[in-house]
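In case you want the letters, here they are:
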Amino acid sequence: MTQTLDTRSGVPALLNGRQDRTRSFDLADFPPVNGREEEWRFTPVKRLADFFEDSGSDATLSITTDLPEAVTVETITLDAARAHGILEPEDRPAAIAAARAGGVTHYSIPPDAEIDDPVVIRANGTGDDTVHGHVLLTIGANAKATVVFEHEGRARYSEFFSVVVEDGASLTLASLQLWDDESVHLGQHDALVGKDAYYRHISVTLGGDIVRLGSNVRYRGPGGEAELLGLYFADAGQHLEHRTFIDHNTPKATSNVMYKGALQGKDARSVWVGDVLIRPEAEGIDTYELNRNLILTDGARADSVPNLEIETGNIEGAGHASSTGRFDEQHLFYLMSRGIAEEEARRLVVRGFFNEVIQKIGIPEIESVLNEKIEEELARSVL
Amino acid sequence: MTTLSIKDLHVSVETETGAKEILKGLTLDINSTETHAIMGPNGSGKSTLAYALAGHPRYEVTSGSVTLGGEDVLEMTVDERAKAGLFLAMQYPVEVPGVTVTNFLRTAKTAVDGEAPKLRTWTKELSASMKNLRMDPDFASRSVNEGFSGGEKKRHEILQMQMLKPQFAVLDETDSGLDVDALRVVSEGVNAAKENSDLGVLLITHYTRILQYVRPDHVHVLVNGRVAESGGPELADRLESEGYDRFLVEA
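About the cut-offs
- Residues numbered from 1 in each chain as written.
- Chains lettered and ligands numbered in written order.
- Predicted model: local features only at pLDDT ≥ 70, side-chain atom pairs only at ≥ 80, totals over all residues.
- UniProt positions renumbered as here; feature names shortened; annotations may be inferred.
- Helix = DSSP H or I, 4+ residues; strand = E, 2+ residues; numbered from the N terminus.
- Rg over C-alpha atoms; globule rule 2.2 N^0.38 Å.
- Buried ≥ 20, exposed ≤ 12 C-beta atoms within 10 Å, placed from the backbone.
- Contact = placed C-beta atoms within 7 Å.
- Nonpolar A, V, L, I, M, F, W, Y, C, P; charged D, E, K, R; others polar.
- Pairing = 2+ DSSP bridges.
- Axes fitted to C-alpha atoms, helices over the stretch in contact; angles between N-to-C directions.
- pLDDT = per-residue confidence, 0-100.
- Expected span 1.5 Å × (residues − 1).
- Core = buried A, V, L, I, M, F, W, Y, C linked by C-beta atoms within 7 Å.

Chain B goes by Fe-S cluster assembly ATP-binding protein in an unreviewed UniProt entry, where it is assigned to Brevibacterium jeotgali.

The name that an unreviewed UniProt entry assigns to chain A is Iron-regulated ABC transporter permease protein SufD, with the source organism given as Brevibacterium jeotgali. In the Sequence similarities (unreviewed entry) part of its UniProt record, chain A is described as follows: "Belongs to the iron-sulfur cluster assembly SufBD family."

This is the structure in structure tokens:
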């Protein structure tokens, strides 16, 4: 535990270790948010009042999908979802989302199923009412699948997303935030990773006014493997926040986090907070987390905060890297002095920057969306 | 044959105390078959000349003219100058993460020529150039200048010069920081480029060492922003034994 001073307010605040953070389905366990809390201090909470209010609407996202035969979807109760052992909400909006969602949308992939093509689920926002959603995705033992959630349109979406990866299963879950400019999306994506299972979570955030997503992993047995990938591109006025938390609570598991973001325009804002907790029982684990930001213009700001709590020294490895660089006049001059026009130079540098993470995503459908959307972002460029 | 013609060039840079004039009326004509060495003490304006010719935004041309084959270079943007046939081998090449040398070179070549190079001949030529410059084939797939040693960066600059085939190349202290072996490799690279096509070279250097490998047709001594003396290769030999002292006393 660390005693520290909140330098902004001058009021001493207790920064708890990550294991002490509240997790609960009971809203009463989460006091009102004022924006000075460690987990909210980067977020424009004043513009999110409806997400902290315990009131509901009938609004939903409009879902279109063409599920393969093996995959089923049904609405179940929260109790039924909890019987799968799902993790609890860890902040007020997630707790409200779970309570107000009006049931849990459960996508289920049976044991031993091998689904080659990505399962694409399109969620479309159609209005300004706050939408609460609770999704549960379970994948049975030794099954293998890729699931893509594509978010588009105009919405204020408060999301609680539970994932259970059974022993030996392999799941890639991608969440694409391609929202319209006015949209707001708060989400908590929680995965429970079974023995020798593989879980890959991909966040791609390009659209929206405010997007704040948490991607969390806890293990349910030894030998689990987790890879959290992220890519974001913040334009003028956009607030894109990603938080990752790997809870190494079992031996011999591995985790790898790689988030990369580009920013351009006035008040373009990104936040990455990467927490890794290595508990005393997590012997022999290996973890690495990386966040890199590329600032393309003046007036943009990227915050990058890696936190590593290590409670056992008996591990294979634990590392982190974080950097925020600028596309500056030296880069531009160098490339242009080789005949490359300014716009092409910027494209080259941004593509190069994202290349590392795009290669890791390895899903052609997402790659083509990314290529197109990154072009669009660059076309808006105002250097 | 074309001519790069610099006339009465005045260049200022922004400093904390305001604009400071570095070049104070520099005049020089270079033919595309010639090699000119520009020598001079530190602070005489050598690098400023290189950056001003390439169009770096921090260097402001306050008066004078630069033409290439009669075209006004000073009116051109940085990339237009490259397309017109100017190349600057930089003293401090910039790292571009995630952009491979291959991709960078092909993009630049396409930009300079206005069309993509033919894949087969291009690949062959690239690997031949890399071999002659003693560059490991791995370099092609590495990020531009990222993690390159000082010598590797300089070889990479010469590689670009060979592949882009400019009419005029300004080599800004390409010899600095190189050991004898690297210096020889880089010099051979410059000589090879000259043999293969017309290439006017403006070799900017503080030391005479590289002139043993790349023989200049003309040597100019730059002092306080002007050409203080011009001569043949013998001038370099004299500088080797006497240094720049006599110029500094006059200045």
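From this point, things continue past the structure.
J.: Explain the overall build of chain B to me, using residue names and the numbers behind them.
T.: Looking only at helices and strands, chain B has 8 helices and 12 strands in total. In terms of overall dimensions, chain B is globule-like: its C-alpha atoms have a radius of gyration of 18 Å, near the 18 Å expected for 251 residues. Across its three principal axes, chain B shows a C-alpha extent of roughly 55 × 40 × 40 Å. Burial status across chain B gives 44% buried among its 251 residues. Once local pairs closer than 6 in sequence are excluded, the contacts in chain B between residues at least 24 apart make up 74%.

J.: I'd like to hear about the interface of chain A and chain B, residue by residue, with values.
T.: Counting residues at the interface gives 18 residues for chain A and 20 residues for chain B. Those elements giving two or more residues to the side of chain A that touches chain B turn out to be α4 (329-336) and α5 (342-361) of chain A. Here the element with the most residues in the side of chain A that touches chain B is α5(A); it accounts for 7 residues. For the side of chain A that touches chain B, a count of residues per class yields 8 nonpolar, 6 polar and 4 charged.

J.: So what about the sheet that holds strand β2 (residues 18-31) of chain B? Which residues, and what values?
T.: If you walk across this open sheet you meet the 4 strands as β2-β1-β4-β5 (chain B), and the pairing is antiparallel. Of all strands in the sheet, those bounded by a partner on one side alone are β2 and β5 (71-72) of chain B.

J.: Quick one: what's the story with the pairing of strand β9 (residues 168-172) of chain B, residue by residue and with numbers?
T.: Residue and element names in this part refer to chain B. Most of β9 sits inside the fold, with 5 of its 5 residues counted as buried. By the alternation rule, side chains of β9 split into F168, V170 and D172 and A169 and L171, which are all buried. Pairing between strand β6 (residues 86-89) and β9: 4 bridges, direction parallel. Its bridge partner lying in β9, L88 is registered against V170.

J.: Please give an account of the pairing of strand β12 (residues 225-234) of chain A that cites residues and values.
T.: Residue and element names in this part refer to chain A. The buried fraction of β12 amounts to 9 of the 10 residues, a majority that puts the element mostly inside the structure. Alignment of strand β10 (residues 198-205) against β12, held across 8 bridges, turns out to be parallel. The residue of β12 that forms the bridge with Y198 is E225. Pairing of β12 with strand β14 (residues 254-263) involves 10 bridges; the strand directions are parallel. Looking across to β14, one finds that L229 is bridged to M258.

J.: Break down the sheet that holds β6(B) for me, citing the residues and quoting the values.
T.: Residue and element names in this part refer to chain B. Strand order across the open sheet formed by 6 strands is β6-β9-β10-β3-β11-β12, with mixed pairing between neighbours. Among the strands making up the open sheet, the edge pair consists of β6 and β12 (226-231). Taken pair by pair, the neighbouring strands of this sheet meet at an average axis angle of 20°, ignoring direction. The sheet contact formed by β9 and strand β10 (residues 200-205) spans 5 bridges and is parallel. In the sheet register, D172 faces β10, and the bridge partner there is I204.

J.: Outline the UniProt feature "domain: SUF system FeS cluster assembly SufBD core" (unreviewed entry) in chain A, listing residues and values.
T.: Per the UniProt entry, the sites bearing "domain: SUF system FeS cluster assembly SufBD core" (unreviewed entry) are residues 127-353 of chain A in this numbering. In this annotation, residues 127-353 of chain A is assigned 9% helix and 62% strand; the end-to-end C-alpha distance for the span is 35 Å.

J.: I'd like a rundown of the confidence of the model for chain A, residues and numbers included.
T.: Taken residue by residue, chain A gives an average pLDDT of 92. The fraction at 70 or more is 95%. In the predicted structure, residues 1-15 of chain A sits below a pLDDT of 50 and forms 13 contacts with residues beyond four places in sequence or in another chain.

J.: For the confidence of the model for chain B, give the residues involved together with the corresponding values.
T.: Residue-level pLDDT values for chain B average 94, and 99% of them are 70 or greater. Overall fold confidence (pTM) sits at 0.84, and the ipTM for the predicted complex is 0.95.

J.: Which residues make up unusual backbone geometry, and what values go with them?
T.: Residues and elements named next belong to chain A. Its identity as a non-glycine residue notwithstanding, D196 has a phi of 55°, on the positive side. Mapped onto the secondary structure, D196 falls in the loop between β9 (184-193) and β10. If you check the backbone angles, D267 has positive phi at about 60° while not being a glycine. Inspection of the secondary structure assignment puts D267 in the loop between β14 and β15 (269-278). Here D267 falls in the partly exposed class, since 14 other C-beta atoms lie within 10 Å of it.

J.: Any chance you could break down helix α5 (residues 150-164) of chain B for me, citing the residues and the numbers?
T.: Residues and elements named next belong to chain B. Relative to the 21 Å expected for 15 residues at 1.5 Å per residue, α5 spans 21 Å between its end C-alpha atoms, a close match to the ideal helical length. Taken together, the buried positions of α5 are K153, K154, R155, H156, E157, I158, L159, Q160, M161, Q162, M163 and L164. K165 sits one or two residues past α5 and shows a positive phi near 50°.

J.: I'd like a rundown of the nonpolar core, residues and numbers included.
T.: Counting 169 residues, the largest nonpolar core has A:V165, B:F87 and B:V170 as its most contacted members. Here the element with the most residues in this core is strand β7 (residues 144-165) of chain A; it accounts for 9 residues.

J.: Before we move on, could you go through helix α3 (residues 101-113) of chain B and cite the residues and values that matter?
T.: In a regular helix each residue adds 1.5 Å, so 13 residues correspond to 18 Å; α3(B) covers 18 Å between its end C-alpha atoms and thus fits that length. Those residues of α3(B) that are buried lie in contact with α5 of chain A together with α2 (78-84), β7 (96-100), α4 (119-132), β8 (143-144) and α5 of chain B. In the stretch just after α3(B), B:G114 is the one whose phi turns positive, near 80°.

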